[in-house]
Amino acid sequence: MGTARKLFGTDGVRGEAGTFLSAELATALGRATTASLEAERPQVLIVRDTRESGPMLEAALAAGIAAAGGDALLAGVLPTPAAAILVRRLGLDLAAVVSASHNPFHDNGIKFFDGNGVKLADEVEARIEALIEEPPAAERAGHVRELNGGLDDYLRELQAAFPLDLSGRKVLLDCANGATHRAAPAIFERLGAEVEAIGIEPDGRNINAGCGSTHVAALAERVAASGAEIGFAFDGDGDRVLAADGEGRVHDGDELIALAARGMAARHELNGGVVVTVMSNYGFHQAMEEAGIEVAVTQVGDRYVIDEMRKRGWPLGGEQSGHIICSDFVSTGDGIAAALMTMRELGGRRLEDAVPMEKLPQTLVNVEVANREAVKDADAVWEAVERENEGLEGRGRVLLRPSGTEPLVRVMVEAPTAEEAESTADRLAGLVRQELA
């Protein structure tokens, strides 16, 4: 059997709660995933974010786990990376996360980590999908019970990995009314920071609503007005982060990764280089070249970044969107850990004084097409892309790709000036329309 999957996407099973992601599907996923494990009585951790559909899906998932003879351990609301840490720390067989990350409240999702805290491979997810069709019957049902102390365990791990003294530092945190609403303020306060937190009053529906890393402008304005030194905005499940400096400027994942890479390289902790995706700004590559740091590039998706990091044995990687992975701590994106890593790299400096790269102006044009896959055979388009890339060599770049989910071809250009980026993108977009009309 191949690894073609119908339910699982790049980050688990995700969709509208109650319709696509129903209680029945959650139960079937719990049962099939537990049945795929080799342990005689699998121990499965469940964490969730703050969506109103979370308790319903948590209960359904737990029922499926117990039906397959496993024990479901309910840890309640915790950031996604806490699941990856706790499954390893507690010696469990599997962790399940009920969350749709940065999506609006009406969506939800289920993703899994194995006993080492690593997301399941494509072939494992395909095997689980096959088992859903014919769920095996267990000889006896397992148990469902609450697991207390998960938040404290996660905070202890963070404090051990980042033993910082943040006394006298004023930090603003936007927790997106999501899974970091207790953990993020708690760890910064433990480390001595003066904390102002917003997005810490979840009501089941306000997760990611006008707040968090998908609406970081609100945080940036507040940082500039509040006198805080720095601000961090997390997404709904806490696996990504963006920052705002004391002057209200936003800094994305590329900039935070570049800052960490330079610091780790100076301390001989990088063990090679850093892994990013094709979306990383050309300025990132220029900065890493100047610093003598090797860069590996993958397709979009944190799971591909993590795979490449593991292959190369490199401890740092991530995405422009704010998924930042420091595998010395945990083998998935962790927004709180990335925020603490940023504070570590800054030392006593302010973020606005320590920017480690110069971002190139970027233009993105989405071209609507009837068949996005047809661009693969559009020779005239690829010849033009090659020509434009040659013209920008050493100064910028062109990236053209079909959308993974919509009938669009995305044309992205980075160049030394916004005018050159826009004119190049317009030329290519026009050609795409002409060739694929």
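Keep in mind that what you see is a predicted model, and the values were worked out from it rather than measured. Every residue gets a number counted from 1 within its own chain, in the order that chain's sequence is written. Since the coordinates come from a predicted model, pLDDT governs what is reported: local features require at least 70, and pairs of side-chain atoms require 80 or more to be given and counted, while whole-chain, interface and lining totals use all residues. With hydrogens and water excluded, all non-hydrogen atoms of the structure serve as input to the side-chain values.

Draft legend 1. Layout of the overall build of the protein chain. Note on conventions: DSSP H or I runs of at least 4 residues are helices, E runs of at least 2 residues are strands, and numbering of each starts at the N terminus. Secondary structure summary: the protein chain contains 13 helices and 18 strands in total. C-alpha atoms define the radius of gyration in this analysis, and the globule rule sets the expected value at 2.2 Å times the number of residues to the power 0.38. Relative to a compact globule of 437 residues, whose C-alpha radius of gyration would be 22 Å, the protein chain shows 22 Å and is just as compact. Projecting the C-alpha coordinates of the protein chain onto the three principal axes gives extents of approximately 65 × 55 × 40 Å. Burial here depends on accessible area, computed with a 1.4 Å probe over protein chains only, as a share of the maximum for the residue type. Under 20% is buried, over 50% is exposed, and the range in between is partly exposed. Taking all 437 residues of the protein chain together, 57% fall into the buried category. Contacts between residues were defined by any pair of non-hydrogen atoms, one from each residue, lying within 4.5 Å. Nonlocal contacts in the protein chain, meaning residues at least 24 apart in sequence, comprise 72% of its contacts between residues at least 6 apart. Calculation of accessible area relied on Shrake-Rupley with a 1.4 Å probe; when residues are assessed, cover is drawn exclusively from the protein chains displayed. Surface accessibility of the protein chain: about 17700 Å² in total, with carbon and sulfur atoms responsible for 46%. Looking at charge distribution, the protein chain has the averaged site of its 42 positive side-chain charges lying 3 Å from that of its 70 negative ones. Here Asp and Glu are counted as negative and Lys and Arg as positive; His is not counted, and neither are the chain ends. Note on charges: their place is set at NZ of Lys, CZ of Arg, CG of Asp or CD of Glu.

Draft legend 2. Main features of a negative patch on the surface. Among the surface-exposed residues, Asp377, Asp379, Glu383, Glu386, Glu390, Glu393 and Glu435 lie close enough to one another that they form a single negatively charged patch. Broken down by element, the residue count for the negative patch peaks at four residues, all from helix 12 (residues 379–391). Structurally, Glu390 is set in helix 12. Here the term patch refers to residues with relative accessible area over 30% and no salt bridge, with like charges joined within 9 Å and nonpolar side chains (Val, Leu, Ile, Met, Phe, Trp, Tyr) within 5 Å. For this analysis, a salt bridge means a side-chain nitrogen from Lys or Arg found within 4 Å of a carboxyl oxygen belonging to Asp or Glu.

Draft legend 3. Region of interest: the pairing of strand 2 (residues 43–48). By the criterion of burial, strand 2 is predominantly enclosed, with six of the six residues buried. Residue alternation in strand 2 divides its side chains into two sets, Gln43, Leu45 and Val47 and Val44, Ile46 and Arg48, and both sets are buried. For strand 2 and strand 3 (residues 71–77), the ladder comprises six bridges, and the chain directions are parallel. Looking at strand 3, one finds that Arg48 is bridged to Val77. Between any two strands, at least two bridges found by DSSP are needed for them to pair.

Draft legend 4. Geometry of the sheet that holds strand 11 (residues 250–251). Pairing is mixed across the open sheet formed by five strands, whose spatial order is 8-7-9-10-11. The sheet terminates laterally at strand 8 (194–198) and strand 11, the two strands that pair on one side only. Pairing between strand 9 (residues 230–234) and strand 10 (residues 241–245): five bridges, direction antiparallel. The residue of strand 10 that forms the bridge with Ala233 is Leu242.

Draft legend 5. Geometry of the sheet that holds strand 18 (residues 408–414). The strand order 16-18-17 describes an open sheet built from three strands, whose pairing is antiparallel. Both outer strands of the open sheet, strand 16 (362–368) and strand 17 (397–402), are each paired with one neighbouring strand and no more. Averaged over all pairs of adjacent strands, the angle between their axes in this sheet comes to 15°, without regard to strand direction. Across the sheet, helix 13 (residues 418–436) touches strand 16, strand 17 and strand 18, and the angle it forms with strand 16 is around 15°. Interaxial angle, 0 to 180 degrees, is taken between N-to-C directions of lines fitted to C-alpha atoms, where a helix line uses only the stretch in contact.

Draft legend 6. Structural view of the packing of helix 6 (residues 183–190) against helix 11 (residues 335–346). At a closest axis distance of 10 Å, the pairing of helix 6 and helix 11 adopts a crossing angle of 30°. The angle between the axes of helix 6 and helix 11 places the two elements in the roughly parallel class. The handedness of the crossing between helix 6 and helix 11 comes out as right-handed. Only Ile336, Ala339, Leu340 and Met343 of helix 11 make contact with helix 6, whose side of the interface consists of Ala183, Ala184, Ile187 and Phe188. Residues that form the contact of helix 6 with helix 11 fall into these classes: eight nonpolar, no polar and no charged. Relative orientations are named as follows: roughly parallel for angles under 35 degrees, roughly antiparallel for angles over 145 degrees, roughly perpendicular for angles from 65 to 115 degrees, and oblique for any other angle. Handedness of each helix crossing follows the sense of rotation of the near helix against the far helix: counterclockwise by less than a right angle gives left-handed, clockwise gives right-handed. As a working rule, the residues Ala, Val, Leu, Ile, Met, Phe, Trp, Tyr, Cys and Pro are called nonpolar, Asp, Glu, Lys and Arg charged, and the rest polar, with Gly in that last group.

Draft legend 7. Seen up close, the packing of aromatic side chains. Side-chain rings of Phe, Tyr and Trp (the six-membered ring for Trp) are treated as a pair once their centres are within 6.5 Å; stacked means planes under 30 degrees apart, edge-to-face means over 60, and tilted covers the remaining angles. Within the structure shown, the criterion is met by three aromatic pairs. Ring centres of Phe8 and Phe112 lie 6.5 Å apart, and the angle between their planes is 50°; this geometry places the pair in the tilted category. With Phe8 in the segment before strand 1 (13–16) and Phe112 in strand 5 (residues 107–114), the pair connects residues that are 104 residues apart, well separated along the chain. Since its relative accessible area comes to 5%, Phe112 is described here as buried. Aromatic pair Phe162 and Phe329: ring centres 5.8 Å apart, planes at 65°, arrangement edge-to-face. In this pair, Phe162 is assigned in the loop between helix 5 (150–161) and strand 7 (170–174) and Phe329 in the loop between strand 15 (324–326) and helix 11, connecting sequence segments 167 residues apart. Both residues of the pair, Phe162 and Phe329, count as buried. The residue whose ring lies beneath Arg312 is Trp314, and the NZ or CZ to ring-centre distance is 4.8 Å. Note on geometry: a ring has a charge over it if NZ (lysine) or CZ (arginine) is within 6 Å of the ring centre and within 35 degrees of the ring normal.

Draft legend 8. Geometry of the pattern of salt bridges. Per the stated rule, a full pass over the model turns up 35 salt bridges. A salt bridge links Arg89 to Asp153; the shortest N-O distance between them is 3.8 Å. Of this pair, Arg89 sits in helix 3 (residues 80–89) while Asp153 sits in helix 5, and the two are 64 residues apart along the sequence. Judged by its relative accessible area of 13%, Asp153 is buried.

Draft legend 9. Here's a closer look at the nonpolar core. With 65 residues, the main nonpolar core has Phe188, Phe232 and Leu316 as its most contacted residues. Here this core gets eight residues from one element, more than from any other, and that element is helix 11. Leave out the neighbours within four places in its chain, and Leu316 touches Ile257, Ala260, Ala261, Met264, Leu270, Gly273, Val274, Val275, Met309, Ile324, Ile325 and Met341. The criterion is simple. A nonpolar core is a set of buried Ala, Val, Leu, Ile, Met, Phe, Trp, Tyr and Cys residues joined through side-chain atoms within 4.5 Å. Ala28, Val44, Leu94 and Ile132 belong to the second-largest nonpolar core, a separate cluster that totals 25 residues.

Draft legend 10. Structural context of helix 12. Across its 13 residues, helix 12 extends 19 Å between first and last C-alpha, which sits within 8% of the 18 Å expected from 1.5 Å per residue. The set of residues buried in helix 12 consists of Val381, Ala384, Val385 and Glu388. Down the axis of helix 12, the buried set is contained in an arc of 105°. They therefore lie on one face. What points out from helix 12, more than 90 degrees from its buried face, is the exposed set Asp379, Glu386, Arg387 and Glu390. Elements in contact with the buried residues of helix 12: strand 17 and helix 13. What a helix should span is 1.5 Å times the count of its residues minus one. The directions from the helix axis to the C-beta atoms form the arc being described.

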